[in-house]
Structure formats: structure tokens, C-alpha cells
Amino acid sequence: MQTKSINFAKYSSFKIGGNFDVVILENDFTAFDKYYLIGSCNNILIGNNPPPLAMLSKKYDYIKIEDKTLKIGGATPSGRIASFCKKHNIADFEFLSHLPGKLGGLVYMNAGLKEFEIFNHLLDISTPSGKTEKEKISYGYRKTGISEPILEASFQLNYGFDSNKVEMFKKMRANQPSTPSAGSCFKNPDNDYAGRLIEAVGLKGLKKGSMSFSDEHANFLVNNGNGKFEDAMYLIKEAQKRVENEFGIKLECEIVLLDKEYLNKENG
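Quick summary incoming for the structure in this document. (Residues numbered from 1 in each chain as written. Predicted model: local features only at pLDDT ≥ 70, side-chain atom pairs only at ≥ 80, totals over all residues. Heavy atoms only, no water.)

**Re helix α6 (residues 229-247)**
Definition in use: Secondary structure follows DSSP: runs of H or I at least 4 residues long count as helices, runs of E at least 2 residues long count as strands, and numbering of each begins at the N terminus. A helix's residues, less one, multiplied by 1.5 Å, set its expected span. Each residue's exposure class comes from its accessible area (1.4 Å probe, protein chains only) as a fraction of the maximum for that residue type: buried when under 20%, exposed when over 50%, partly exposed otherwise.
Between the first and last C-alpha of α6 there are 27 Å, a value that for 19 residues agrees with the 27 Å anticipated at 1.5 Å per step. Of the positions making up α6, those classed as buried are Phe-229, Asp-231, Ala-232, Met-233, Leu-235, Ile-236, Glu-238, Ala-239, Gln-240 and Val-243. Once α6 ends, the next one or two residues include Gly-248, with phi positive near 70°.

**Some points on the nonpolar core**
Formally: Take the buried residues of types Ala, Val, Leu, Ile, Met, Phe, Trp, Tyr and Cys, join any two whose side-chain atoms come within 4.5 Å, and each joined set is a nonpolar core. Whether two residues are in contact is decided by their heavy atoms, any of which lying within 4.5 Å being enough.
With 29 residues, the main nonpolar core has Leu-70, Leu-96, Val-107 and Phe-155 as its most contacted residues. Looking at this core, the elements that each hand over two or more residues are β7 (69-73), α2 (78-87), α3 (103-108), β10 (122-127) and β14 (152-156). In terms of residue count, α2 provides more of this core than any other element does, 4 residues in total. If we skip the residues at most four places from it in the chain, Phe-155 touches Thr-69, Leu-70, Ile-72, Phe-93, Leu-103, Val-107, Ile-118, His-121, Leu-122 and Leu-123. Core analysis: the second largest hydrophobic core is formed by 27 residues, Leu-45, Ile-198, Ala-218 and Met-233 among them.

**Quick notes on the packing of aromatic side chains**
Selection criterion: For Phe, Tyr and Trp, rings pair up if their centres lie within 6.5 Å, where Trp contributes its six-membered ring, and each pair is then called stacked (planes under 30 degrees apart), edge-to-face (over 60) or tilted (otherwise). Only when the NZ of Lys or the CZ of Arg is both within 6 Å of the ring centre and within 35 degrees of the ring normal is a charge said to sit over the ring.
One pass over the structure, following the stated rule, counts 6 aromatic pairs. Ring geometry for Phe-8 and Phe-20: centres 6.1 Å apart, planes at 50°, overall tilted. A residue pair is termed long-range when its members are at least 10 positions apart, and Phe-8 in helix α1 (residues 8-11) and Phe-20 in strand β2 (residues 19-25) qualify at 12 residues. Members of the aromatic cluster, connected to one another through ring pairs, are Phe-8, Tyr-11 and Phe-20. Positioned above the aromatic ring of Phe-247, the side-chain terminus of Arg-196 is 5.5 Å from the ring centre.

**Section: the sheet that holds strand β16 (residues 207-208)**
Filter applied, for reference: The criterion for strand pairing is that DSSP finds at least two bridges linking the strands in question. Note on method: axes are straight lines fitted to C-alpha atoms, helices fitted across the in-contact stretch only, with angles between N-to-C directions ranging 0 to 180 degrees.
Spatial strand order, β15-β18-β17-β16: 4 strands in an open sheet with antiparallel pairing. Both outer strands of the open sheet, β15 (181-184) and β16, are each paired with one neighbouring strand and no more. This element, α6, spans β16, β17 (211-213) and β18 (220-223) of the sheet and lies at about 25° to β17.

**A look at the pattern of salt bridges**
Going by this rule: By convention in these notes, a salt bridge is any Lys or Arg side-chain nitrogen within 4 Å of a carboxyl oxygen on Asp or Glu.
All chains considered together, the criterion is met by 9 salt bridges. Lys-64 is the salt-bridge partner of Glu-66, the closest N and O atoms lying 3.7 Å from each other. The exposure class of Glu-66 is partly exposed, given its relative accessible area of 33%. Take Lys-64: its relative accessible area is 33%, and that puts it in the partly exposed class. Between Glu-117 and Arg-142 there is a salt bridge, with the nearest N and O atoms lying 3.3 Å from each other. On the criterion of sequence distance, the pair formed by Glu-117 in strand β9 (residues 116-117) and Arg-142 in the loop between β12 (139-140) and β13 (143-144) is long-range, its members being 25 residues apart.

**Focus: α2**
In an α-helix, one turn spans 3.6 residues; hence positions three or four apart end up facing the same way. To keep things clear, this is the line we draw: The reported arc concerns the directions from the helix axis to the C-beta atoms and nothing else.
Every buried residue of α2 is accounted for by Ser-78, Ile-81, Ala-82, Phe-84 and Cys-85. Each buried residue of α2 lies within a common arc of 165° when the element is viewed along its axis, so the set occupies one face. Relative to its buried face, α2 has exposed residues pointing more than 90 degrees away, namely Lys-86 and Lys-87. Looking at the buried positions of α2, the neighbouring elements they touch are β6 (63-66), β7 and α3.

**Looking at the pairing of strand β5 (residues 53-56)**
What you see with β5 is no split at all: Leu-53 and Met-55 on one side and Ala-54 and Leu-56 on the other are buried throughout. Of the pairings in the sheet, the one linking β2 to β5 comprises 4 bridges and is parallel in character. Counted as the bridge partner of Val-23 is Ala-54 from β5. Bridge analysis of strand β3 (residues 36-37) against β5 gives 2 bridges, and the strand direction is parallel. What sits directly across from Leu-37, in β5, is Ala-54.

**Things to note about unusual backbone geometry**
Phi is positive for Asp-67, close to 55°, though the residue is something other than glycine. Of note, Asn-89 is a non-glycine position whose phi angle comes to about 55°, a positive value. Mapping Asn-89 onto the fold places it in the loop between α2 and α3.

**As for the pairing of strand β11 (residues 130-133)**
Sheet topology note: the β10/β11 ladder contains 4 bridges and is antiparallel. From the neighbouring strand, Ser-126 faces β11, where its bridge partner is Lys-131.

**So, the sheet that holds β3**
Taken together, the 4 strands give an open sheet; going across it, the order is β1-β2-β5-β3, and neighbouring strands pair in mixed fashion. Each having just a single partner strand, β1 (3-7) and β3 make up the two edges of the open sheet. Alignment of β1 against β2, held across 5 bridges, turns out to be antiparallel. What sits directly across from Asn-7, in β2, is Asn-19.

Right, here's the structure in full:
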């Protein structure tokens, strides 16, 4: 089985983590459930003791128009999808120009910006056990019930790329820090905002080592230099503790904590 050594301090958007071997999945998926599947690591905080890791091979990095549908491989980066749609005047994927990740991960977490979600125009997905129509998949806000690697997804093909939407999404992201992070740290609880709650309990801008909740947007945990997993976890736990004590709300991580100690506990 082919493996690749990845330095997560360089590879992940958080710029945190050591060197770990990652299994490359191409044709043999018999043991996929022994691994945690990663993509481009834009929403992952990797710890000192991660579970066995795997990623799809470049074989699954493709986009094609077939039978009046858009078919995209699970390893295809969002930037490539956005560029393809712009070039071919395809609508509904403008938000991907400001949403990093690979197609498999975007579908797996039903990624999106506000009401613009990847599931809005999804038709079906292909996994090692076959094709599943959207209607048979359980999904909601930033979550799905998918439990297998997503090898391909098919989408409705609508024409009319809208550059005004690209600008709108750019403005929506304008208040987000450029400092290394993994995007929103916590999911927004019902009828509230995680950023507001973190700020309300005095954690906006709070530092622990090189990690802090951003001054620009409190729900962004950022790495100001040589950030450590332990410092990130201290701030995550502190925010959860203070918000629950003050508001009775349990903040749920939107970022994935890839460490054996926290994997099931926090990612629930």
C-alpha cells in the first residue's frame, strides 16, 4: 500500500503538526474504515497522536461534463472547480472561489457560505460501495451521515456563472483573518453566533503561546507563529467552559480534532 509522509506544519491551513505517514487510496478500499480520510486539511487541527490517516490519490482529481451533469472527483480542489465553472460559464459554484478544500471533504461536511451549500445542487455521490442519490443521504447544517470515502459527486448542470456572487462571497469573507487558522472554530448554536459568545466571555484576542482567538473575528482560532496543539486545545476548552458557565450553551467544534484523545469526545 502506497504511503506518503506529510509535514502538517506546512500542509495544513493551521500550520500545526508533525510529520505523519498517510496512506494513498486508489483502487483498494477494503480497509478504508481503519483510517481517517483527509483532504487539504483546511478544517483540521492535528494532534501529537493522530489516528491512522489516508487520502485519495490524484486519480480522483477531475471535473467533467457528462450526460448533462457535472461530475467531480473527490480529490478535486475547490479552486479548480471554481475556475472550471468560470471558464465554462457554469452557475451555482461561485462560493467555492472563497471556500478552500477538496470536493470529498466539502460534500462530507456539506460545506457552504450562509445558505449557499454544496448539497443545494447535488444529485448523487459515488463511494466504494456504489452510487447513492441525494435523497437517501442524511444531511444538515455542516454535516452529513456519509461514512465512506466520496470518490465522485454529480451535480445539476446550470449555466450562467455570476461574478457578482463571487464579489458577494469575497465580502462575506472580508472580516476573516488571513493568519493561519482552520476556519470557524465552533459551529454557530441555534439562534446565536459562536463569535458573539466567545467575545461576550472575554476571549476575543486571548493568547496562549502563539495561539489566540482572533482580534478580527472571535470564532477564528489563529496561529500567530509557532502554534502548538496543546495551546490550541487549552483555548478551545476554555471557550467551551466559559460559554457553558455563562450562557448554558455547549459550543460544538466545527474544526476536526485529529488526535486519539479527543477524536470521539469533541467531534461527537
